[in-house]
Amino acid sequence: MAGPRTLHVRCTTWEQVEVFHTRKLRRGKLLSMRVPFRADPGAEVTLNLELPNQVVIVIDGVVLKSSPVETDPKAARSDAGKTWLEVELVGFTEDVVARIRRMAGGGDPSGEPAPAPAPASPPPRARTTGAVPVLPGDELPADERLLFQQLTAELRRVRALAVHEVLGVARDADAEQIRRGWMNLIRRHHPDLVARRNAPAINHLAEELTILANRAYDRLRVALVAEGRAASVGPALTPPPGWLVGFEDISSTGSILRSKLAQTLQSGGNAPQVEPLARPPSSAAAEGGEAFEQRARVMLGDGDSANAQEVLAAALCVYPRSRPLRSLYYVASAISALGKGEVMLATSQLETALAHHEDCAEAAAILELLRRPNTPPGSAEMTRLFR
Amino acid sequence: MSRAVGIDLGTSNSVVAVIDKDGAPRILTTPEGATTLPSLVWFSPDGPVVGELARAGLDYSPDLTIFGAKRLLGRRFDHPDIRRLSRVLPFELVEAPNGDTWIALSAGRSVSPEEVCALILREIRRMAEDHYGEPVTRAVITIPAWYDAAQRQATKDAAQIAGLTVLRLLSEPTAASLGHGAHRGADRRYLVCDLGGGTFDVAAVDVEAGIFEVLATTGDAFLGGDDVDRVVVDNLVRDVRSSRGFDITSDTVAVERLRLAAQTTKHELSDVAVSKVYVPELVQLPSGRAVEYHKPLRRDELEQWSASLIRRIEAPIKEALKRCGRKREDIEEVLLVGGMTRMPAVRREIARVTGREPHVIPNPEEVVAVGAALEVARLDGTIEGVLLIDVAARGLAVSMGGDCEQVIAQSSVVPTREHRVFGTRHDDQLRIEFDVWEGESADPAQNRHLGRYAVLDLPPAPAGDVLVLVEMTIDTDGTVRFGASELVSGERLQLEQLYHAGLARTEVLRLQRQFEEASS
């Protein structure tokens, strides 16, 4: 057999290089391929890998296995005379990978070792229109171990930096520069860019780097707003009115209720401001709840069941497990229902109140009044219960 | 790796999409051949029924047929909204032990909204497995952009119960722009108007150099195709009374039949100017004879009836523009999403309010699901050059009994992390408890309680000597996780959840097993 055979692999884009590296090349630098010549195991093969920048890298290899391709009768094209080769690319060393990576990163065309690591802040990118830009994230090294090392080093470096240095901008940078710096960073490190690798460790590193970038971005934006150099920190995503649970309705029920709540909390004094760690949590909840409860009772005593209901609803957001509060809420709701003449609804509310808290005397008392044969209970009778 | 799908889990309809081998998106069909699966679950005597078949439940047992479970996901029972909602819903809402909203089934049993959504997702999973002929265990699920952490977690839990790993929770406006192909075009400022079955959502989305960012969201939580149906049915019921002389208001079966017929007619009237409502058997007379109902309906009649609803489109659009500080001239493209945007009157109104002709997508019902499927492809690395940026819809705060202290600000870009240091307050203190809230107020009453946590097994030391660093991370999906360590030694400390919103992990796992057994 005359001399070593040469195979030529041409990659026109860096993605193809990456695909070649990650998909075609198996562990142990093994490359399987179909070739139009016969080769015996042990024979030497040379692989010429042509990169997108026309640099050809010569990689030495040794044939490990060779078997003729079975001709598939169904396939139209003839595979006769072709051979499956399994080649070990012994010449595909870490140095070669590193060299390719440097070239992919836009380094010098020869791929010789660069004098210093590339700075983390590439020049600001002009607003592109038309074509989708190639993200630097796509140019991360294909090799997992290299990528891991690179991200770890990057993380160590970034952790030690001040926020503006993280984004690679000046201390007094404006909103646009900060945004550019942040965009460049997340284009390099966003975890989505490495999600396809399915490597938890790399994903984690990418997430950590993104967290640092996002935090730097948020802090600089907050600082800009504080200095009055920007209008708002970021987008305000709010649900359509009425969608979300928790706070909006309580705050929108008007300043009167809010000030009442504030009074409650202050006059309740003992509850929220007191050091909670000195007590078991349950008692803390009960005491805080009492402040609300008293306030609601006063309202109920004044015949203002609607506001009492709102106060209790608010209180239940803070102390969701307080049984007295919950049962009182149902009592208030029952009184409101009675005010509208809805006896059935009121009865069920009172029963619910008792179900939540058996000792709820008011609920039992009003139920008793309801069972009275002729006259429905008057509001005076009910307000008296709370005085 | 197993197959993954993109799911638009809607308030009234759900859609599932996959990317074919040739890169083209494909909408999967239900066993009945429809491209949308009604988000309906009927807890029938023979077990839960999902989708189109569950519509029968609306006739037989409206109290056991759950719709709009998405509205209830991750919400507190005390909230006035839920109180209002519980008055109008035909099924009963109850309070779960941890204060969440659950649904009472009349059999003395209650289910969480997560389980209801999981039943829908399981049906979707079956559709996908029928299509592929192999297991499907991963999905991208779309959610409203303003979903808070509790709602996001609830969505994830629902998926887990259904046996699906969530690759990413994707915001609906982003998904719509992605499905529309915004990643292939030039930089644009989009306004996404999504008018579906139950809700109207408006979002301003910026696409700049391959980075998608949602800038503002608003909407109307109770405006959609169902409301138009209701108006039409009300008018038809009135017509039945005047033309036939009997009142069917209280006859739920007849009203439901009328609603289905009216819905079909409404769809037809988007393409033609005149159609008719036809119900072969509206009611049965005491003699046993069936009464047929037949009424021609013109498009302008429909538009007149729904005019007051369509007028409600204007305010949210203006509000969305105001919130992101834009004038309507700044918007470069208006995207129409959701089946209701097929209605010519809706398109006219949106064109009038935004001052530009909206972009008409051939498949407004499906574009969000297509976006979700493209997201699957993006995470797999098939689509490059696109990054989707999400922000925390709500700030995160902690308290130790008193006022809330903001830890992570609203609209922080996620993923993000912040920490707080807590010190012991008395000698040999063994544990530190703290509450976590979602919201921006210092007053706990105005925030949403996410949970109460305890740092356990502190080393014995004089007061103030043990410092605990609590880290809060909001991940790329917008869900929250916690970690605690001793500040000085850096040693990991155990963190216990004393109370938290949503289902407990053990409960999710138990339900997941239960679902697996039910399917096999």
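The next thing to look at is the overall build of chain B. Counting secondary structure elements, chain B contains 14 helices and 29 strands. Each of the 520 residues in chain B was classed as buried or not, and the buried ones make up 52%. Long-range contacts, defined here as pairs at least 24 residues apart, represent 66% of the contacts in chain B between residues at least 6 apart.

Residue and element names in this part refer to chain B. With antiparallel pairing, three strands are arranged side by side in an open sheet as β8-β9-β10. Edge positions in the open sheet fall to β8 (92–95) and β10 (109–111), since each of these has one partner strand only. Strand-to-strand, the axes of this sheet are offset by a mean angle of 45 degrees, without reference to chain direction. The pairing of β8 with strand β9 (residues 101–105) spans four bridges and is classified as antiparallel. Pairing of E95 across the sheet is with T101, part of β9.

So, about the packing of helix α5 (residues 175–189) of chain A against helix α7 (residues 200–227) of chain A. Residues and elements named next belong to chain A. Running from N to C, α5 and α7 cross one another at 170 degrees; their axes reach a closest spacing of 9 Å. Judged on the interaxial angle alone, α7 and α5 are roughly antiparallel. Contact residues: A175, I178, W182, L185, I186 and H189 in α5; A206, L209, T210, A213, Y217, L220, R221 and L224 in α7. Counted by class, the contact of α5 with α7 contains 11 nonpolar, two polar and one charged residues.

It is worth spelling out helix α7 (residues 225–244) of chain B at this point. Residue and element names in this part refer to chain B. A rise of 1.5 Å per residue sets the reference length of α7, with its 20 residues, at 28 Å; its end C-alpha atoms lie 27 Å apart and thus fit the reference within 8%. All of the buried residues along α7 are G225, D226, D227, V228, V232, V233, L236 and V240. Just past α7, the residue G245 takes up positive phi, approximately 85 degrees.

Our focus in this paragraph is the environment of M127 of chain B. Residues and elements named next belong to chain B. Here M127 is to be found in helix α4 (residues 113–132). For M127, a count of 21 C-beta atoms within 10 Å puts it in the buried group. Sequence-wise, M127 and T29 are 98 residues apart; in three dimensions their C-alpha atoms are separated by 7.0 Å. When sequence neighbours within four positions are dropped, the list of residues in contact with M127 reads V16, L28 and T30.

Residue and element names in this part refer to chain B. Spatially, the four strands line up as an open sheet ordered β23-β26-β27-β28, and their pairing is antiparallel. Each having just a single partner strand, β23 (416–423) and β28 (492–493) make up the two edges of the open sheet. By the bridge criterion, eight bridges tie β23 to strand β26 (residues 467–474) in an arrangement that is antiparallel. Residue pairing for β26: G423 is matched across the bridge by L467.

For the rest of this paragraph, the subject is unusual backbone geometry. All names here are of chain B. Here the residue pair V414 and P415 is connected by a cis peptide bond, since its omega of 0 degrees sits within 30 degrees of zero. In this structure, A209 takes a positive phi of about 50 degrees despite not being glycine. Relative to the helices and strands, A209 resides in the loop between β14 (200–208) and β15 (211–220). One non-glycine residue with positive phi stands out, namely D428, at about 55 degrees. Position of D428 among the secondary structure elements: in the loop between β23 and β24 (432–438). Taking the number of C-beta atoms within 10 Å as the measure of exposure, D428 has 13 and is therefore partly exposed.

What counts, and at which threshold
- Residues numbered from 1 in each chain as written.
- Chains lettered and ligands numbered in written order.
- Predicted model: local features only at pLDDT ≥ 70, side-chain atom pairs only at ≥ 80, totals over all residues.
- Helix = DSSP H or I, 4+ residues; strand = E, 2+ residues; numbered from the N terminus.
- Buried ≥ 20, exposed ≤ 12 C-beta atoms within 10 Å, placed from the backbone.
- Contact = placed C-beta atoms within 7 Å.
- Pairing = 2+ DSSP bridges.
- Axes fitted to C-alpha atoms, helices over the stretch in contact; angles between N-to-C directions.
- Parallel < 35°, antiparallel > 145°, perpendicular 65-115°, else oblique.
- Nonpolar A, V, L, I, M, F, W, Y, C, P; charged D, E, K, R; others polar.
- Expected span 1.5 Å × (residues − 1).

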